[in-house]
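These are the residues of each chain, in order.
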Amino acid sequence: MIYLDNNATTPVNPTVIATVEKYLHQFGNPSSSYVIGAQSHKLITEARSKFGELLGISPEELIFTSCGSEADNMAIKSVAHAFFGKKKTIITTSIEHHAILHSVESLKKFGYNILYLQPDETGVIRVSDLLAILDNPLYKDDICLVSIMGANNETGMVQPVEEIGEILKKRNILFHVDGVQSVGCMGLPKNVDMVSMSGHKINAPKGIGALYVRKEVLDSGILIPFIDGGKQEFGLRGGTENLPYIMGYAKALEEFVGNRDAYKKHTSELMSTVKSFIAENIPGIKFNTDDAKPHLPNTLNVSIRGIDGAGLMEYMSMFDMFIATGSACNTGSNKPSHVLTAQGLSREDAFSSIRISSGMQNTMEEIEEFNKRLAMGVEHLRKIAGYKI
Ligand code: PLP
């Protein structure tokens, strides 16, 4: 198998599997005061401290969730709850993941006004567009939240969140970052109030995530539990904690951060090999990841004219090679990617796009084999479609 869809999910590290397995045996309920419960509680506290160290935050600023989507929902809907009847404008972007887009959409029925920043043709949000809204007398005093992703899952383009955070801090406007794709590779951004993260993008299992919330925001009482219950996660998320996954997530983060430089070097070498191969061997293409600008080193999105991205994905999968078209959550829909159309691609170019995303486990040999098969697939599908360059 050649797996090049690491932005959808990553394989779980063997060391992480061993950690999860080990702590499945630590079955005491962390809320029980006797010894095996107290041990479980202590382990969660230690895992939280490890996150604190690795992310440069204080451990109390981290709430474990079931996934990145839950963290996104928690941030957005908590702020909406806190500002209900006071401020009703939320600013986000048209290129967010559906965990954000559908969350803000759901708030419209409560009277919230959602403004979407559009990316430029390289897939990057313009700070000047945000400033124009912040200075607009219509919205100026009505904004309760800005939510912008750290890096886009489809194109890998990094967004200027630190610069935006600095602006918002001065104006006292809450800022949430969907860091699901960016935190592993880039760490926690500065000048932010809340950041969502997810385990399965950094070689931990699916079903574990976290939300960073800055201490002052926590102390202001803005965050509310969506799962009412016991006092777990500082009373902000009821439900007995998933100790084995929390331990596995901490292990995965430790390894990812420890290997960060090697990861960046390795994945960018792999992707530049793919990119050069495509540029030299496949005519009629358009790269949708602009590597002249900050981007995730492991991600390459490209439109290949005359083919259907989903068809190419299927062709490659027959040879046990896995890539994506748009985001995994989009597959099965017959709409072109909302991210690529927002950055100005035609429907045709968006439909003919594929996303190749590598990970630490991929090798240069795999990439060479993949490249050859990709060229054969494109030739085959173009022939069937009667497409001529
Ligand atoms: N945000 C982004 C940018 C993502 O890429 C994803 C997953 O693909 C999510 C949120 C959702 O994370 P999870 O799958 O942990 O719910």
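Look up: the structure comes first, before these words.
First things first, this report covers the structure right here in the doc. (Residues numbered from 1 in each chain as written. Predicted model: local features only at pLDDT ≥ 70, side-chain atom pairs only at ≥ 80, totals over all residues. Heavy atoms only, no water.)

Here we come to the site of the ligand. Gly 68, Ser 69, Asp 178, Ser 198 and Lys 201 are the nearest of the 13 residues found near the ligand. For the ligand, an oxygen atom lies 2.9 Å from a polar atom in the side chain of Gln 181. In isolation the ligand exposes 390 Å². Once the protein is present, 89% of that is buried. Ranked by the residues each element gives to the shell around the ligand, the list is headed by helix H3 (residues 68–83), at 3 residues. (Near = heavy atom within 4 Å. Polar contact = N/O pair within 3.5 Å; in protein donor to acceptor, adjacent residues only side chain to side chain. Areas by Shrake-Rupley, 256 points an atom, 1.4 Å probe, with all protein chains shown as cover. Helix = DSSP H or I, 4+ residues; strand = E, 2+ residues; numbered from the N terminus.)

Moving on, we get to the packing of helix H12 (residues 309–318) against helix H15 (residues 364–385). Closest axis-to-axis distance for the H12/H15 pair is 10 Å, and the angle between their directions is 130°. When the interaxial angle is binned, H12 and H15 end up oblique. Remark: the crossing between H12 and H15 carries right-handed chirality. In this structure, H12 contributes Gly 311, Leu 312, Tyr 315 and Met 316 to the contact, and H15 contributes Phe 370, Arg 373, Leu 374, Met 376, Gly 377, Val 378, His 380 and Leu 381. In terms of residue class, the contact of H12 with H15 is made up of 8 nonpolar, 3 polar and 1 charged. (Axes fitted to C-alpha atoms, helices over the stretch in contact; angles between N-to-C directions. Parallel < 35°, antiparallel > 145°, perpendicular 65-115°, else oblique. Left-handed = near helix turned anticlockwise from the far one by under 90°. Contact = heavy atoms within 4.5 Å. Nonpolar A, V, L, I, M, F, W, Y, C, P; charged D, E, K, R; others polar.)

Before going further, it helps to examine the nonpolar core. Counting residues in hydrophobic clusters, the biggest one holds 53 residues, and the most contacted among them are Leu 55, Ile 91, Val 146, Phe 175 and Tyr 249. In terms of nonpolar packing, the next biggest core, distinct from the first, is built from 25 residues, Ile 63, Phe 83, Val 213 and Leu 236 among them. (Core = buried A, V, L, I, M, F, W, Y, C linked by side-chain atoms within 4.5 Å. Buried < 20%, exposed > 50% of the residue type's maximum accessible area, 1.4 Å probe, protein only.)

A separate point is the environment of Val 79. With respect to the helices and strands, the residue Val 79 is situated in helix H3. Each C-alpha atom of the pair Val 79 and Leu 145 lies 7.1 Å from the other, and the pair is 66 residues apart in sequence. Residues contacting Val 79, with those up to four places away along its chain left out, are Cys 144, Leu 145, Leu 174, Met 194 and Ile 222.

This paragraph deals with the environment of Pro 11. Within the element layout of this structure, Pro 11 appears in the loop between strand E1 (2–3) and helix H1 (14–24). Residue Pro 11 is classed as partly exposed on the basis of its relative accessible area of 33%. Separated by 195 residues in sequence, Pro 11 and Lys 206 place their C-alpha atoms 9.8 Å apart. Look past the residues within four positions of Pro 11 in its chain and what remains in contact with it is Tyr 3, Asn 6, Asn 203 and Gln 361.

The subject of this paragraph is helix H2 (residues 35–55). With 21 residues, H2 ought to run about 30 Å at 1.5 Å a step, and its terminal C-alpha atoms sit 30 Å apart, in line with that. Within H2 the residues assigned to the buried category are Gly 37, Ser 40, Leu 43, Ile 44, Ala 47, Arg 48, Phe 51, Gly 52 and Leu 55. Residues of H2 that are buried make contact with H1, strand E2 (62–65), helix H7 (183–186), strand E7 (194–198), helix H9 (232–235) and helix H10 (243–258). One or two positions beyond H2, positive phi appears at Gly 56, with a value near 70°. (Expected span 1.5 Å × (residues − 1).)

The terminal C-alpha atoms of H15 lie 31 Å apart, and with 22 residues this matches the ideal 32 Å at 1.5 Å per residue to within 8%. Three or more residues of H15 are buried, namely Glu 366, Ile 367, Phe 370, Asn 371, Arg 373, Leu 374, Gly 377, Val 378, Leu 381 and Arg 382. Buried residues belonging to H15 abut E1, helix H11 (260–281), strand E10 (299–304), H12, strand E11 (321–322) and strand E12 (353–357). Phi turns positive one or two residues past the end of H15, at Gly 386, with a value near 70°.

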